[in-house]
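Chain residues, written in single-letter form:
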Amino acid sequence: MTVKGLVCRNCGKEYPEAPVSICEECFGPLEVAYDYEKIKEAVSRKTIEGGPASLWRYKALLPVRGAPVDLGAGFTPLRKAENLGRALGLKELYIKNDSLNPTFSFKDRVVSVAVSKALEFSFSTVGCASTGNLASAVAAHGAKAGLTSYIFIPADLNPAKVAQALAYGPNLVCVDGNYDQVNRLCTEIAGYRNWAFVNINLRPYYAEGSKTLGFEVAEQLGWEVPDRVVVPAGSGSLLTKIWKGFRELNDVGILDGGPPRLTAAQSAGCSPITTAWRSGGDIRPVKPDTIEKSLAIGNPADGRYTLKALKETGGTAGSATDGEIIEGIKLLARTEGIFTETAGGVVIGTLKNLVERGEIDPDERTVAYITGCGLKTQDVLRQALPEPVYIRSDLGAFEAAIGHAHRQVAGEVA
Ligand SMILES: *Cc1c(COP(=O)(O)O)cnc(C)c1O
Ligand SMILES: [Zn+2]
């Protein structure tokens, strides 16, 4: 075991491992600290490549001791996206398709780590405050581990996300309020109930799971660092941990070179990080007003650290309007055959905007993270798509409906 304990990201005070996330001295966020010398002795490219085809191939760099709660999250495809690259004017674009996880979003990575940790700490109930995808990830891993789960979501969530979460059999609590209000309520509950809230009292461990999205991209590029990664940002946790992941690979001697240029993508209707980046000021909390729910966090817990990551890596931040999110979803589906949810639309829309603004060089080797599946948010997409052709079940009806186009094709063949 290579974990030293927890350390405050703000003042550096050290703590033993426990289900806590806030520094007693300065109220800063805690994170997991490792003994990198020990890890260096134990891991190599070879040991990782010989591991399972899941995020647990990177176990030496994760804070879990025993057998993890494993639904097979991670090791999702990284695909070169020539068609989309051509459409956007980028020479070397890749899609990291993390919608292909057990519950169809990247949240399975963080939850696999957090629920494993909940068992280590002997909790019998897990919980979360969710923007949507965390709900299913916690409910599914909780079910697999035989734990009771309490899932809190904003009541106005996409119907498909509610149905999916309910299928795993959790206690689902729909709160009349936005995510920031749900999160505040859960923080109060975590204060007196002995529950493991994966993104509250287990947050330091939970967040570590996101590093694997950095590890995998490096490994799948043949142990190389791309020039730029485009990351959807809600709380900013995913982005800051991808940053940490690339730095760690360098620290343990697996990778040469520093992290890529980190680029944050947000919905224009909830963009506190992008707004702060562009104004050069501090994060100012906002009230979300957007079709994009997965990233709709008005007061991002990791906002400050996200800005630091963008600055230190020479990255940037951008946003996409609701219309651009829909167009982004359609563009990715029509060029690469990948159907993503609204968060993926934010990534593609933002990428397009940043290329057009000249902030991304066409020659950069760029990786775009697609973090959730399109079936989760079909409700917001449906009215933006054309109507299919409806017919009776006979040839005459078919010919009457689309016979003109059909005859053209037949003519060419003859
Ligand atoms: C949660 C989530 C993210 C990232 O959220 P952070 O709070 O910034 O870590 C990205 N995409 C999807 C689809 C998500 O559900
Ligand atoms: Zn502190």
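Residues numbered from 1 in each chain as written. Chains lettered and ligands numbered in written order. Predicted model: local features only at pLDDT ≥ 70, side-chain atom pairs only at ≥ 80, totals over all residues. Heavy atoms only, no water.

Points about the overall build of the protein
Where we set the bar: Secondary structure elements follow DSSP: runs of H or I of four or more residues count as helices, runs of E of two or more count as strands, with numbering from the N terminus. Here the globule rule reads 2.2 Å times residues to the power 0.38, and the radius of gyration is calculated from C-alpha atoms. A 1.4 Å probe rolled over the protein chains alone gives each residue an accessible area, and that area as a share of the maximum for its type sets the label: buried under 20%, exposed over 50%, partly exposed in between. Here, residues are in contact when the closest pair of their heavy atoms is within 4.5 Å. Using the Shrake-Rupley algorithm and a 1.4 Å probe, accessible areas are obtained, with residue cover drawn only from the displayed protein chains.
When helices and strands are counted, the protein shows 16 helices and 13 strands. Taken over the C-alpha trace, the protein has a radius of gyration of 22 Å; the compact-globule value for 414 residues is 22 Å, and the two agree within 12%. Each of the three principal axes of the protein carries a C-alpha extent, and together these read 75 × 45 × 45 Å. Looking at the 414 residues of the protein, the share that counts as buried comes to 55%. For the protein, contacts bridging at least 24 residues in sequence account for 71% of all contacts bridging at least 6. Carbon and sulfur atoms form 50% of the exposed surface of the protein, whose accessible area is close to 17300 Å².

Describing the site of ligand 1
The line we're drawing: Only a single heavy atom is needed: when it lies within 4 Å of a molecule or strand, its residue is near that molecule or strand. Polar contacts, as counted here, are pairs of nitrogen or oxygen atoms within 3.5 Å of one another; within protein the pair requires one atom able to donate a hydrogen and one able to accept it, and residues that are adjacent in sequence qualify only if both atoms are side-chain atoms. In this classification, the charged set is Asp, Glu, Lys and Arg, the nonpolar set is Ala, Val, Leu, Ile, Met, Phe, Trp, Tyr, Cys and Pro, and all remaining amino acids, among them Gly, are polar.
Around ligand 1, a shell composed of 15 residues is seen, among which K107, N133, G234, S235 and T371 lie nearest. Take S235: an N or O atom from its side chain is 2.6 Å from an oxygen atom of ligand 1. Contact between ligand 1 and L238: an oxygen atom at 2.9 Å from a main-chain N or O atom of the residue. Protein burial of ligand 1: of its 390 Å² of free accessible surface, 96% is covered by the chains. Of the residues contributing to the shell around ligand 1, the split by class is six nonpolar, seven polar and two charged.

Comments concerning the coordination of the zinc ion (ligand 2)
For clarity, the cut-off: Water is not among the atoms examined, so metal sites may look incomplete; donors are the N, O and S atoms within 2.8 Å of the metal, or within 3.2 Å for Na, K and Ca. The rule is simple: four donors are tetrahedral if all their angles sit between 85 and 135 degrees, four are square planar and six octahedral if opposite donors span more than 155 degrees and the others lie between 65 and 115, and anything that fits none of that is irregular.
Within the protein, the zinc ion (ligand 2) binds to C8 (SG), C11 (SG), C23 (SG) and C26 (SG); these donor distances fall in the range 2.2 to 2.4 Å. Around the zinc ion (ligand 2) sit four donor atoms, and with donor-metal-donor angles ranging over 99 to 116° the site reads as tetrahedral. Ordering the donors of the zinc ion (ligand 2) by residue number gives the pattern C-x2-C-x11-C-x2-C. Residue C8 is located in strand β1 (residues 3–8), and its partner C23 is located in the loop between β2 (14–15) and β3 (30–34); the two are separated by 15 residues in the primary sequence. Residues C8 and C23 agree in their burial class; the two are buried.

Examining helix α9 (residues 212–220)
The buried fraction of α9 amounts to eight of the nine residues, a majority that puts the element mostly inside the structure. Of all the residues in α9, the buried ones are T212, L213, G214, F215, E216, V217, A218 and E219. One or two steps after α9, the chain reaches G222, where phi turns positive at roughly 75°.

Looking at the sheet that holds strand β6 (residues 125–129)
Short version of the rule: The rule for pairing is simple: two strands pair if DSSP sees at least two bridges between them. Axis lines are fitted to C-alpha atoms, over the contacting stretch for helices. Their N-to-C directions set the angle, which ranges from 0 to 180 degrees.
Ordered in space as β8-β7-β6-β9, the four strands form an open sheet in which the pairing is parallel. Whereas interior strands pair on both sides, the edge strands pair on one side only; in this sheet they are β8 (171–175) and β9 (196–197). The strands touched by helix α7 (residues 179–192) within the sheet are β6, β7 (148–154), β8 and β9, with β7 carrying the most contacts at an inclination of about 150°.

Considerations on the pattern of salt bridges
Side chains carrying opposite charge are able to pair once their charged atoms draw close together. Put simply, the test is: Each reported salt bridge corresponds to a side-chain nitrogen of Lys or Arg within 4 Å of a carboxyl oxygen of Asp or Glu.
If you walk through the whole model with that rule in mind, you get 29 salt bridges. We note a salt bridge from K117 to E17, for which the minimum N-O separation is 2.7 Å. Of this pair, K117 sits in helix α4 (residues 107–120) while E17 sits in the loop between β2 and β3, and the two are 100 residues apart along the sequence. Between E359 and R357 there is a salt bridge; the shortest N-O distance is 2.9 Å. When salt bridges that share partners are traced, they join E31, E208, K211, K241, K244 and E248 into one network.

Examining the packing of aromatic side chains
Basically, it comes down to this: Only the six-membered ring of Trp is used, alongside the rings of Phe and Tyr, when aromatic pairs are assigned; centres must lie within 6.5 Å, and planes under 30 degrees apart are stacked while those over 60 apart are edge-to-face, with the rest tilted. Working rule: Lys NZ or Arg CZ, within 6 Å of ring centre, within 35 degrees of ring normal, means a charge sits over the ring.
The tally for this structure, following the rule as stated, stands at six aromatic pairs. The interplanar angle of 65° and the centroid separation of 5.5 Å between the aromatic rings of F121 and Y205 together place this pair among those described as edge-to-face. Note that F121 is positioned in the loop between α4 and β6 and Y205 in helix α8 (residues 203–208), a separation of 84 residues in sequence. Judged by relative accessible area, which is 0%, Y205 ranks as buried. The interplanar angle of 40° and the centroid separation of 6.0 Å between the aromatic rings of F152 and F197 together place this pair among those described as tilted. One end of the pair, F152, is in strand β7; the other, F197, is in strand β9, and 45 residues separate them in sequence. Taken as a pair, F152 and F197 share a single burial class, namely buried. Counting every residue linked through ring pairs, the aromatic cluster contains Y150, F152, W195 and F197. Cation over ring: K13 sits above Y15, and NZ or CZ is 5.3 Å from the ring centre. A cation sits over an aromatic face here: R247 above W243, 4.1 Å from the ring centre.

Regarding the side chain of T313
Summarising the element assignment, T313 is placed in helix α12 (residues 303–313). The contacts of T313, once residues within four sequence positions are left out, are W243, P259, P260, R261 and L262.

Overview of the pairing of β3
Along a regular strand, successive side chains alternate from one face of the sheet to the other. Most of β3 is tucked away, with five of its five residues classed as buried. With five bridges connecting them, β1 and β3 associate as antiparallel partners. Bridge assignment links L6 to a residue of β3, and that residue is V32.

Side note on a nonpolar patch on the surface
Here is the rule: For patches, a residue must show more than 30% relative accessible area and have no salt bridge; joins then use 9 Å for like charges and 5 Å for nonpolar side chains, namely Val, Leu, Ile, Met, Phe, Trp and Tyr.
Together, V389, I391 and I402 line one region of the surface with nonpolar side chains, adding up to about 240 Å² of accessible area. Tracing the sequence through the fold places V389 in the loop between α15 (378–381) and α16 (395–413). Classification of V389 by relative accessible area gives exposed; the value is 55%.

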